[in-house]
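# Analysis of the macromolecular model
Residue strings, one per chain:
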Amino acid sequence: MTEQVKTNSALDEVIAYELHGNCYLNITDRCTLRCAFCPKFNKTFEVQGYDLRLKFEPSVGEILAAVGDPGRYKETVFCGLGEPTQRLDVLLQVAGKLKQQGARIRLNSDGLASLVQGRDVTPELAGLIDALSISMNAQNEDVYKRHCRPKKEYPGAYQAMLEFANKAKAVIPSVTLTAIDGLEGVDIEACRKIAIELGVQFRGRQLDVVG
Ligand code: SF4
């Protein structure tokens with residue numbers, strides 16, 4: 001499938017971008033984490049040829065317009081250079097509209113939405129999100145803190161992320177924890193073991209490759 005950039009024509013921003021036959025949605029550049037390996041903390045917003053810097057956060061209507069017909073894609077994936085659940089209301093509204101059009105929806109997340117919102121938000125994802133991919137990134141809190149650097153107002157982020165995955169598996173058909181292969185101190189097999197013990201899937205991924 002030909003890769004095609006979808007932009008807001010007035011501001012020339014990449015709201016939706018196409019990779020691997022999927023439509024990826026870039027709805028915010030705000031994050032709960034400050035990952036040391038993140039492109040934006042290394043002075044670039046470019047990911048696989050797309051400049052994902054946002055000067056504004058797109059509305060529900062602007063996001064849906066950028067997607068167009070979701071039937072052209074295998075999946076529509078919330079995954080930009082920010083944490084999609086920072087805009088949970090918008091995410092849920094967009095997912096609801098796209099589901100009505102038959103889309104398969106994946107959410108790539110830091111798994112910290114319940115910690116940030118102060119309540120268990122996983123029931124709100126039921127029926128809207130078909131697959132959830134959570135950046136686990138480490139086999140323990142020390143390694144997680146070193147690489148992901150959660151903001152200090154969110155203590156206990158590592159355990160909260162695992163708890164989110166555990167709760168999500170009850171309402172989302174496919175839940176996968178991921179970790180980046182090759183990051184210093186990250187034990188991929190130990191990460192896989194934790195995922196298996198939690199009863200979810202695991203995938204090792206490569207740095208800066210959108211999946
Ligand atoms: S969660 Fe993703 S976008 Fe946010 S800082 Fe980490 S790598 Fe960057």
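Above: the structure in question.
Described in the following lines is the structure provided in the data block. (Residues numbered from 1 in each chain as written. Predicted model: local features only at pLDDT ≥ 70, side-chain atom pairs only at ≥ 80, totals over all residues. Heavy atoms only, no water.)

What follows covers the site of the ligand. What surrounds the ligand is the set C31, L33, C35, F37, C38, F41, L81 and G82. Across the shell around the ligand, the residue classes tally to seven nonpolar, one polar and no charged. (Near = heavy atom within 4 Å. Nonpolar A, V, L, I, M, F, W, Y, C, P; charged D, E, K, R; others polar.)

Turning our attention to the pairing of strand β2 (residues 13-19). Regular strands show a simple pattern: their side chains alternate between the two faces of the sheet. Most of β2 sits out of view: seven of its seven residues are buried. The pairing of β2 with strand β3 (residues 22-25) spans four bridges and is antiparallel. Residue pairing for β3: A16 is matched across the bridge by L25. Linkage of β2 to β3, two consecutive antiparallel strands, is achieved through a turn of two residues, within which H20 is found at a positive phi near 55°. (Buried < 20%, exposed > 50% of the residue type's maximum accessible area, 1.4 Å probe, protein only. Helix = DSSP H or I, 4+ residues; strand = E, 2+ residues; numbered from the N terminus. Pairing = 2+ DSSP bridges.)

What follows covers the environment of Y17. Turning to its location among the elements, Y17 is positioned in strand β2. A relative accessible area of 1% means that Y17 is categorised as buried. Measuring from C-alpha to C-alpha, the distance between Y17 and G96 comes to 20 Å, with 79 residues separating the pair along the chain. A polar contact is formed between the side chain of Y17 and the backbone oxygen of C79, at a distance of 2.5 Å. (Polar contact = N/O pair within 3.5 Å; in protein donor to acceptor, adjacent residues only side chain to side chain.)

Quick look at the nonpolar core now. Generally speaking, nonpolar side chains in soluble globular proteins are found buried as a group. Counting 71 residues, the largest nonpolar core has L25, F78, V94, I129, Y144, M161 and L177 as its most contacted members. Discounting chain neighbours no more than four positions away, the residues touching L177 are I134, M136, M161, L162, A165, A195, L198, V200, Q201, F202 and R203. (Core = buried A, V, L, I, M, F, W, Y, C linked by side-chain atoms within 4.5 Å. Contact = heavy atoms within 4.5 Å.)

A separate point is the packing of aromatic side chains. In this structure the tally under the stated criterion is three aromatic pairs. Each ring, one from Y17 and one from Y24, has its centre 5.5 Å from the other, and the planes form 25°; the classification is stacked. Measuring from ring centre to ring centre gives 5.0 Å for Y17 and Y50, while their planes differ by 50°; the resulting arrangement is tilted. Taken together, the residues Y17 in strand β2 and Y50 in strand β5 (residues 50-51) connect sequence positions 33 residues apart. (Phe/Tyr/Trp six-rings, centres within 6.5 Å; stacked < 30°, edge-to-face > 60°.)

Helix-helix packing: each pair is described by the crossing angle between the helix axes and the interaxial distance. Close contact between helix α1 (residues 60-67) and helix α2 (residues 88-100) brings their axes to 10 Å; oriented N to C, the two are set at 40°. Taken together, the axes of α1 and α2 lie oblique to each other. Relative to α2, the crossing made by α1 is right-handed. For the pair α1 and α2, contact is made by V60, I63, L64 and V67 and by V90, Q93, V94, K97 and L98, respectively. Of the residues assigned to the contact of α1 with α2, the class counts are seven nonpolar, one polar and one charged. (Axes fitted to C-alpha atoms, helices over the stretch in contact; angles between N-to-C directions. Parallel < 35°, antiparallel > 145°, perpendicular 65-115°, else oblique. Left-handed = near helix turned anticlockwise from the far one by under 90°.)

Attention now goes to the pattern of salt bridges. In this structure the tally under the stated criterion is 12 salt bridges. Two residues, K55 and E13, come together in a salt bridge whose shortest N-O distance is 3.9 Å. One end of the pair, K55, is in the loop between β5 and α1; the other, E13, is in strand β2, with 42 residues separating them in the sequence. According to the relative accessible area criterion, K55 is exposed, its value standing at 67%. As a salt-bridge pair, E75 and R104 come within 2.9 Å of each other at their nearest N and O atoms. (Salt bridge = Lys/Arg side-chain N within 4 Å of Asp/Glu carboxyl O.)

Leaving glycine out, the prevailing phi sign among residues is negative, and the prevailing peptide bond configuration is trans. Although it is not a glycine, H20 sits at a positive phi angle of roughly 55°. Positive phi values are uncommon outside glycine, yet K43 reaches one of about 65°. Structurally, K43 can be placed in the loop between β3 and β4 (46-47).

Moving on, we get to helix α7 (residues 188-198). At 3.6 residues per turn, the α-helix brings residues three or four places apart onto the same side. Among the residues of α7, those classed as buried are I188, C191, A195 and L198. Each buried residue of α7 sits inside an arc of 85° when the element is viewed along its axis, so together they form one side. Those residues of α7 that are exposed and aimed more than 90 degrees away from the buried face are K193, I196 and E197. Tucked into the core, α7 has its buried residues touching α6 (157-168), β9 (174-180) and β10 (201-205). The backbone nitrogen of E189 has a side-chain oxygen 3.2 Å away, supplied by the residue at the start of α7, namely D187. (Arc of directions from axis to C-beta.)

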